[in-house]
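Summary of structural features
Spelled out, the chains give:
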Amino acid sequence: MATRTESDWVNWHQLGCRPSHIAEPRSLAELRTVLREAAGRGSRVLVVGTGHSYNDLSLTSETLVTLKYLDRVEHIDVDQGLIRVQGGARLAELCTVLAGHHLAFAVLGDTAGQTIAGAISTGTHGTGLTKHSLSGQVAALQLMLADGSLREVSAESDPDLFQAARCSLGALGVVTAVTIRVVPAFTLCRVDRKVSTEEGLALVGDPPEIDHFKVWFLPYTDTAVTSSARSFPVSSPARPRTAQRLRESFLINGLMSAAGAVARQWPRGVPAMNRGMANLPMNSTVIDRSDRIFVLPISIMHDTFEYAVPLEHGRAAVQAMLDAIDSTRPPLALPCEVRFQPAEQGWLDPHYDQPSVCVGAAWHRGVDVSAFVRRVEEACRDLGGRPHWAKPHSLAAPDLAPLYPMWNRFQALRASLDPTGLFGSTAIDRYLGTNTSTREIPNS
Ligand SMILES: Cc1cc2nc3c(=O)[nH]c(=O)nc-3n(C[C@H](O)[C@H](O)[C@H](O)COP(=O)(O)OP(=O)(O)OC[C@H]3O[C@@H](n4cnc5c(N)ncnc54)[C@H](O)[C@@H]3O)c2cc1C
């Protein structure tokens with residue numbers, strides 16, 4: 001077992017921490033030993049995936065555990081459309097394995113760099129009002145609890161723990177295996193179309209019934225781009241994608257990274273630059289294997305926020321975001337992404353019991369957009385929004401508790417499964433409160 005002391009850990013966003021211990025168990029028995037030894041030292045445990053969370057969720061000064069060696073595919077049931085994998089398996093590799101069996105994830109977000117356990121633990125989603133998040137596709141979980149015991153959890157075997165654990169930020173235990181629903185392999189045809197801001201807003205208020213639909217708003221312009229991806233039950237691309245991938249990569253990384261230099265050096269130049277960019281041709285049609293369409297070739301360093309706002313308030317929230325751009329003039333040189341999600345059942349899923357519009361903005365690392373973010377957060381909160389767990393936001397447990405009807409039941413389970421508060425970190429304390437077995441939680 002590779003256990004290093006005083007090592008640094010750096011997440012995807014180059015945010016670092018110095019855990020007291022880093023453990024990379026290669027078996028469940030080794031993981032159990034890691035938990036026991038951490039408990040013996042009085043150290044809390046934070047399990048991480050690939051550190052793709054934009055905030056401090058994967059940072060700790062105590063014991064950090066990665067499941068990078070617990071990444072095997074355990075079972076594929078092609079007929080039932082189920083795959084069981086270890087918690088450290090990465091989505092990108094799973095896409096390849098699934099494609100080999102003519103299967104695919106029904107939906108993915110903008111990247112596939114995450115682990116399956118990390119992705120479900122924060123409610124990672126794609127877009128589409130009928131397309132459940134990855135956490136929503138989970139059929140069963142295996143959890144290692146604080147005492148080292150293993151619990152197989154499904155909606156049938158333990159409905160409460162299942163709904164609590166499917167999106168639980170690592171606070172209930174280690175997700176050591178996940179059984180997730182998959183679908184027959186499919187091709188996606190994505191059509192991007194330039195529209196006016198007004199038309200984009202109208203579509204947010206009344207989204208079309210398209211498998212995967214989203215809208216990008218380009219700040220300081222009268223330009224939005226709708227992205228509509230429809231599924232086809234065929235698995236081979238209808239046209240070669242090399243040229244399109246190069247173009248996409250150029251637009252997302254080349255052009256956007258040049259835009260970042262302007263945003264950092266000359267923030268006042270951003271509106272004019274964006275207006276220039278709005279003149280670029282943006283209409284396109286791409287057809288490819290589903291995962292290659294879902295995943296965008298993003299490599300530029302950026303920061304972001306996202307709120308899940310009840311569907312009926314989505315248009316108002318996006319309008320508030322556009323108004324905040326006008327009033328606070330942030331150097332936003334990246335488009336604002338607006339996506340759609342059905343209601344989910346996971347107790348702490350930001351889409352719990354509420355179909356949502358996911359209102360997000362992104363900006364280049366190092367530019368100051370704080371006044372803008374404050375304004376949009378206020379508006380989204382007023383409209384009943386819940387922040388994405390893995391993206392920076394200003395809310396702490398007392399603010400979050402009233403937003404989640406099942407908060408107290410989650411905390412009661414947390415206290416009973418982890419009575420000594422083994423799982424946690426400073427970030428988990430802030431977002432979920434300290435484990436109730438050791439301290440009182442806010443009332444919801
Ligand atoms: C470029 C980029 C694009 C993104 N696109 C999207 C998107 O389209 N949609 C979206 O919703 N999100 C998106 N995200 C956010 C991302 O999906 C989440 O941050 C996700 O949680 C990252 O997974 P990870 O494996 O890196 O987990 P980490 O960031 O390492 O950990 C996240 C949380 O999961 C917990 N965790 C990890 N592994 C386990 C385990 N085995 N058992 C228990 N708990 C565990 C951790 O304790 C932590 O609380 C994006 C992030 C990036 C960097």
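Residues numbered from 1 in each chain as written. Predicted model: local features only at pLDDT ≥ 70, side-chain atom pairs only at ≥ 80, totals over all residues. Heavy atoms only, no water.

1. Looking at helix H12 (residues 407–417)
Turning to H12, its buried residues are Trp-407, Phe-410, Gln-411, Leu-413, Arg-414, Ala-415 and Leu-417. For H12, the elements touching its buried residues are strand S11 (150–154), helix H4 (159–165), helix H11 (397–400) and helix H13 (426–432). (Buried < 20%, exposed > 50% of the residue type's maximum accessible area, 1.4 Å probe, protein only. Helix = DSSP H or I, 4+ residues; strand = E, 2+ residues; numbered from the N terminus. Contact = heavy atoms within 4.5 Å.)

2. Quick notes on the side chain of His-364
Here His-364 shows up in strand S20 (residues 356–364). By relative accessible area, which is 1% here, His-364 ends up buried. A polar atom in the side chain of His-364 sits 2.5 Å from the backbone oxygen of Met-256. At 3.4 Å, the side chain of His-364 forms a polar contact with the backbone nitrogen of Gly-260. In contact with His-364, other than residues within four places in its own chain, are Met-256, Ser-257, Ala-259, Gly-260, Ala-263, Arg-264, Ile-300, Met-301, Ala-333 and Leu-334. (Polar contact = N/O pair within 3.5 Å; in protein donor to acceptor, adjacent residues only side chain to side chain.)

3. Describing the side chain of Gln-341
Residue position: Gln-341 is located in strand S19 (residues 336–341). Its relative accessible area of 0% is what places Gln-341 among the buried residues. Side chain to side chain, Gln-341 and Glu-344 meet in a polar contact 3.2 Å long. Setting aside residues no more than four positions away along its own chain, Gln-341 makes contact with His-125, Gly-126, Thr-127, Gly-128, Leu-129, Lys-131, His-132, Ser-133, His-351, Pro-355, Ser-356 and Cys-358.

4. A closer look at the domain arrangement of the chain
Partitioning the chain into structural domains gives domain 1 (73–184) and domain 2 (187–387). Each of domain 1 and domain 2 was reduced to a C-alpha centroid, and the two centroids are 25 Å apart. With 29 residues of domain 1 at the contact, the number on the domain 2 side is 30 residues. Together domain 1 and domain 2 conceal approximately 2400 Å² of surface at their shared face, both sides included; 55% is due to carbon and sulfur atoms. Taken as a group, Asp-110, Thr-127 and Leu-129 account for 31% of the area that domain 1 buries against domain 2, more than any other trio of residues on that side. Taken together, the links from domain 1 to domain 2 amount to two salt bridges. With a shortest N-O distance of 3.6 Å, Arg-339 and Asp-110 are connected by a salt bridge. In this structure, the connection of domain 1 to domain 2 is made through 10 residue pairs in polar contact (both at pLDDT 80 or more). Elements represented by at least two residues in the side of domain 1 that touches domain 2 include exactly helix H2 (91–100) and H4. When the residues that make up the side of domain 1 that touches domain 2 are grouped by side-chain class, the tally is 11 nonpolar, 14 polar and four charged. (Domains from an automatic or database assignment. Buried area = accessible area lost by both parts, 1.4 Å probe. Salt bridge = Lys/Arg side-chain N within 4 Å of Asp/Glu carboxyl O. Nonpolar A, V, L, I, M, F, W, Y, C, P; charged D, E, K, R; others polar.)

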